[in-house]
Amino acid sequence: INHIVHNGGLYKRPFNEAFEETPMLVAVLTYVGYGVLTLFGYLRDFMRQWKIEKCQNATEREEQKDFVPLYQDFENFYNRNLYMRIRDSWNRPICSVPGAKVDMMERVSHDYNWTFTYTGRVIKDIINMGSYNYLGFAQKIGACQEAASKVLSQYGAGVCSTRQEMGNLDKHEELEKLVARFLGVESAMAYGMGFATNSMNIPALVGKGCLILSDELNHASLVLGARLSGATIRIFKHNNMQSLEKLLKDAIVHGQPRTRRPWKKILILVEGIYSMEGSIVRLPEVIALKKKYKSYLYLDEAHSIGALGPSGRGVVDYFGLNPEDVDVMMGTFTKSFGAAGGYIGGKKELIDYLRTYSHSAAYATSMSPPVVEQIITSVKCIMGEDGTTIGRARVQQLAENTRYFRRRLKEMGFIIYGNEDSPVVPLMLYMPAKIGAFGREMLKRNIGVVVVGFPATPIIESRARFCLSAAHTKEMLDTALKEINEVGDLLQLKYSRRRLVPLLDRPFDETTYEETED
C-alpha cells in the first residue's frame, strides 16, 4: 500500500510510505512453519516429561508441587521451543565502540543455544547495521570524547543524588537550556533514562477521568506510562487519521462511560519514527486534528530527533511545523547523540510542573556529568555552535545514506517497509526459519544485523531491521548491500512484486491519498 500525500496543503513536501502486502503464499507457508514448530514443541515437551530428552528449562521443584506455582510452564512454551532454536541471533556481546564497525566476541553453543561458551576469539571490523548511531557520535575519538574526558576528571562519574536534592549540577542546567533552544521551545528537562522519561512522566500528566488515544504501534515505554496513569486508553490504527478522528469525535460526543461527563483531558500519544515499521508520523494531520478537537499532543521523538529534518531537529523540523503546536515534545539522547537519557520540552509551566511532580525528577539519580557533556557537545555540533559545519554535514549524509540504501534494496526485489526518509529500514523475512538463518549468514559475511520476530512483531511479519548512520561510508553500504543481495538469493527473500527500475530517479507521483479498507 503506497501512501503519497499532499492532503490539502498540510504537507509542504511529498510524503511517501510503502507497506507492500504480504504475498498470500508466503503468509500461508509462514503459518505452516509456525504450526510445524509448535507440533515439534509439544513432542519435545512430551519427551522431556518422560526423561527421553534432557530438560534444561526452569521447572517447579518436586517438593514445592503443592504450593501456588511461581512458574507457569505453558507461558514459557514459545521461549523453550521456538525462541531457543534461534537464540544465538540475539544478545551478541560486542567489545568495541558501537560505531560504523564493531568488534564482536565469538561464542559457541554445544547444547542447542541453552548455554554459550566464549572461544576467546574476537571477530574484527563487522559492519554495524544495527545500532541507533544515526549521526555517528558513538565514537572514542573526537570533540565529544575529549570534552567528556575533561568533565570526568572535573566532576567524576556519578552524582549520587536526585535533582531535587544535591544532584543538580551547573552542567544539567546548561544542558536543559541548550535542549530548549535546539527544540525551539520555552523550557526543557533532562532525565537519566529514556524509557523512564515516558513511563514516569505520562502518569504525572494524565490520570483518572482523562482519555489517552494511542497509536497501536507505540513503544512499550508509552504503553507502560499510559497504563500506570490510570487514564482510559483507546487505540487507533497505525498512522490512520480517519481512525484517530473517529475516536476523537466519539470521545467528545459520548464523554466518559456511564456518567457521560466530559473528559478532563484528551491526550494523543504518537512517535516521530516508529522503530519497527520505519514509518514517520503524519504530524501535520495529527496537529490539525488536535487543534480541531481541542486535545493535547504528546510526541515521542526517540528515533527522529537528530535523524530527521534539514537541521536535525526531528519530525517537527522535517515537516516545517511550529514546535509550539506540540504540547509535549519528548525525545532521547541514546540514539543520535551517542549518550544516555531523555528529555521533555514544552511550555515553561509544563516543565515547572514536571520538576515537582514527575517521579523521574523526584526519585531518580541525576545524569552522569560525562554523559551530559557528550550530549552538550554533540548538540552544539549539530547546531553549528562549535564553529564547524560537521553537524549539518552529518545530518545531510544520513539523509543521503538512507535514500540510497532504501532505493537499492527495493531495486533488488526485497519488501521494505516505511517512509523513504526514515533511517530505520525493515526488510521483511516472514518465515520463522529465515530469522535465524539471515542473522547467521550475515554474520558469516562480517555484517552485524538485528533480526526481529514474534512477539515484537505480528507473527507473520518477522523482519531484519537496518539502522543507517552518517558514519557509514558508501563503500560500507555497497559491501553490505552486496552481501544482503547474496543472502537474499540464498534464502529466497526477494518477495516484492513491485521491483523498481535500477538507478532511475523517479519524480514523486503527486496523486491524492486513498485510504484502503481495514
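Residues numbered from 1 in each chain as written. Predicted model: local features only at pLDDT ≥ 70, side-chain atom pairs only at ≥ 80, totals over all residues. Heavy atoms only, no water.

Participant: Looking at this structure, I do not really get the UniProt feature "domain: Aminotransferase class I/classII large" (unreviewed entry) in the protein. What am I missing?
Facilitator: Using the residue numbers shown here, the UniProt feature "domain: Aminotransferase class I/classII large" (unreviewed entry) corresponds to residues 124-484. Note that residues 124-484 is 43% helix and 17% strand, and that its end C-alpha atoms are spaced 19 Å apart. (UniProt positions renumbered as here; feature names shortened; annotations may be inferred. Helix = DSSP H or I, 4+ residues; strand = E, 2+ residues; numbered from the N terminus.)

Participant: Looking at this structure, I do not really get the state of the cysteines. What am I missing?
Facilitator: What makes a disulfide is a covalent bond joining the sulfur atoms belonging to two cysteines. This structure, assessed with the given rule, holds zero disulfides. The thiol sulfur of cysteine 381 is not disulfide-bonded, and the nearest other cysteine sulfur, from cysteine 144, lies at 6.5 Å. The class of cysteine 381 is buried, set by a relative accessible area of 7%. Cysteine 144 provides the cysteine sulfur closest to cysteine 467, a residue in no disulfide bond, and the two sulfurs are 20 Å apart. Among the residues examined, cysteine 467 registers a relative accessible area of 1% and is labelled buried. (Disulfide = S-S within 2.5 Å. Buried < 20%, exposed > 50% of the residue type's maximum accessible area, 1.4 Å probe, protein only.)

Participant: I tried to follow a nonpolar patch on the surface on my own but got confused; where do I start?
Facilitator: Judged by side-chain polarity, Met24, Val28, Val32, Val36, Leu39, Phe40, Leu43, Phe46, Trp50 and Ile52 come together as a nonpolar surface patch covering roughly 1100 Å² of accessible area. Residue placement: tryptophan 50 occurs in the loop between helix H1 (24-49) and helix H2 (77-81). On the basis of relative accessible area, tryptophan 50 is assigned to the exposed category, the value being 58%. (Patch = residues over 30% accessible without salt bridge, like charges linked within 9 Å, V, L, I, M, F, W, Y side chains within 5 Å. Areas by Shrake-Rupley, 256 points an atom, 1.4 Å probe, with all protein chains shown as cover. Salt bridge = Lys/Arg side-chain N within 4 Å of Asp/Glu carboxyl O.)

Participant: Quick question: what am I supposed to make of H1 here?
Facilitator: Three- or four-residue spacings in an α-helix give side chains the same orientation, since the helix completes a turn every 3.6 residues. The first and last C-alpha atoms of H1 sit 38 Å apart over 26 residues, in line with the 38 Å expected at 1.5 Å per residue. Every buried residue belonging to H1 is among Val26, Ala27, Thr30, Tyr34, Leu37, Gly41, Asp45 and Arg48, and all of these are buried. Looking at the packing, one finds that the buried side of H1 touches H2, strand S13 (424-430), helix H14 (432-444) and strand S16 (462-467). Downstream of H1 by a residue or two, lysine 51 has a phi angle that is positive, lying close to 65°. (Expected span 1.5 Å × (residues − 1). Contact = heavy atoms within 4.5 Å.)

Participant: Looking at this structure, I do not really get the sheet that holds S16. What am I missing?
Facilitator: Within the open sheet, the three strands sit side by side as S13-S16-S15. Their pairing is antiparallel. Each of the sheet's edge strands pairs with one partner strand only, and the pair in question is S13 and strand S15 (450-452). The average undirected angle you get between the axes of adjacent strands in this sheet is 25°. As judged from the three bridges shared by S15 and S16, these two strands associate in the antiparallel manner. Bridged to valine 451 within S16 is alanine 464. (Pairing = 2+ DSSP bridges. Axes fitted to C-alpha atoms, helices over the stretch in contact; angles between N-to-C directions.)

Participant: What should I look at first to understand the domain arrangement of the protein in this one?
Facilitator: Accessible area lost during the coming together of the parts is what is often quoted as the interface size. Partitioning the protein into domains gives domain 1 (19-128 + 389-499) and domain 2 (143-383). Between domain 1 and domain 2, the residue contacts involve 20 residues of the former and 18 residues of the latter. Summed over the shared surface of domain 1 and domain 2, the number is one salt bridge. With a closest N to O distance of 3.0 Å, arginine 463 and glutamate 277 form a salt bridge. (Domains from an automatic or database assignment.)

Participant: Help me understand the nonpolar core in this model?
Facilitator: General note: in soluble globular proteins, nonpolar side chains tend to be found buried as a group. If you look at the biggest cluster of nonpolar residues, it comprises 106 residues, and the most contacted ones within it are Met129, Phe333, Phe405, Leu409, Phe438 and Phe466. Here this core gets seven residues from one element, more than from any other, and that element is helix H15 (residues 474-491). In this structure, this core is formed jointly by two domains, domain 1 (19-128 + 389-499) and domain 2 (143-383), each of which donates at least three residues. Setting aside chain neighbours within four positions, we find phenylalanine 438 in contact with Leu429, Val449, Val451, Ala464, Phe466, Val487, Leu491 and Leu493. (Core = buried A, V, L, I, M, F, W, Y, C linked by side-chain atoms within 4.5 Å.)

Participant: Would you mind showing me how to read helix H10 (residues 348-357) here?
Facilitator: Taken residue by residue, H10 has Leu350, Ile351 and Leu354 as its buried positions. Seen from one end, H10 has its buried residues packed into an arc of 95°, which puts them on one side. Where H10 is buried, its residues meet strand S5 (187-191), helix H5 (194-205), strand S10 (328-332), strand S11 (342-346) and helix H11 (359-363). (Arc of directions from axis to C-beta.)

Participant: Explain unusual backbone geometry to me, please; I cannot follow it from the model alone.
Facilitator: With the exception of glycine, the majority of residues adopt a negative phi angle, and the majority of peptide bonds are in the trans configuration. With omega at 10°, the peptide bond leading from phenylalanine 454 into proline 455 counts as cis. Tracing the sequence through the fold places proline 455 in the loop between S15 and S16. One non-glycine residue with positive phi stands out, namely asparagine 239, at about 55°. Take asparagine 239: it is sitting in the loop between strand S7 (232-236) and helix H7 (241-254). Unlike most non-glycine residues, arginine 260 shows phi in positive territory, near 65°. Position of arginine 260 relative to the elements: it lies in the loop between H7 and strand S8 (266-271).

Participant: Any chance you could explain the packing of H14 against H15 here in plain terms?
Facilitator: For any two helices packed against each other, the geometry is given by the interaxial angle and the distance between the axes. Following both chains from N to C, one finds H14 and H15 inclined at 140°, their axes separated by 10 Å at the closest point. Judged by the angle between their axes, H14 and H15 are oblique. Seen from above, H14 lies across H15 with right-handed handedness. Contacts from Lys434, Ala437, Phe438, Glu441 and Met442 in H14 reach Ala480, Glu483, Ile484, Val487, Leu490 and Leu491 in H15. Residue composition of the contact of H14 with H15, by class: eight nonpolar, no polar and three charged. (Parallel < 35°, antiparallel > 145°, perpendicular 65-115°, else oblique. Left-handed = near helix turned anticlockwise from the far one by under 90°. Nonpolar A, V, L, I, M, F, W, Y, C, P; charged D, E, K, R; others polar.)

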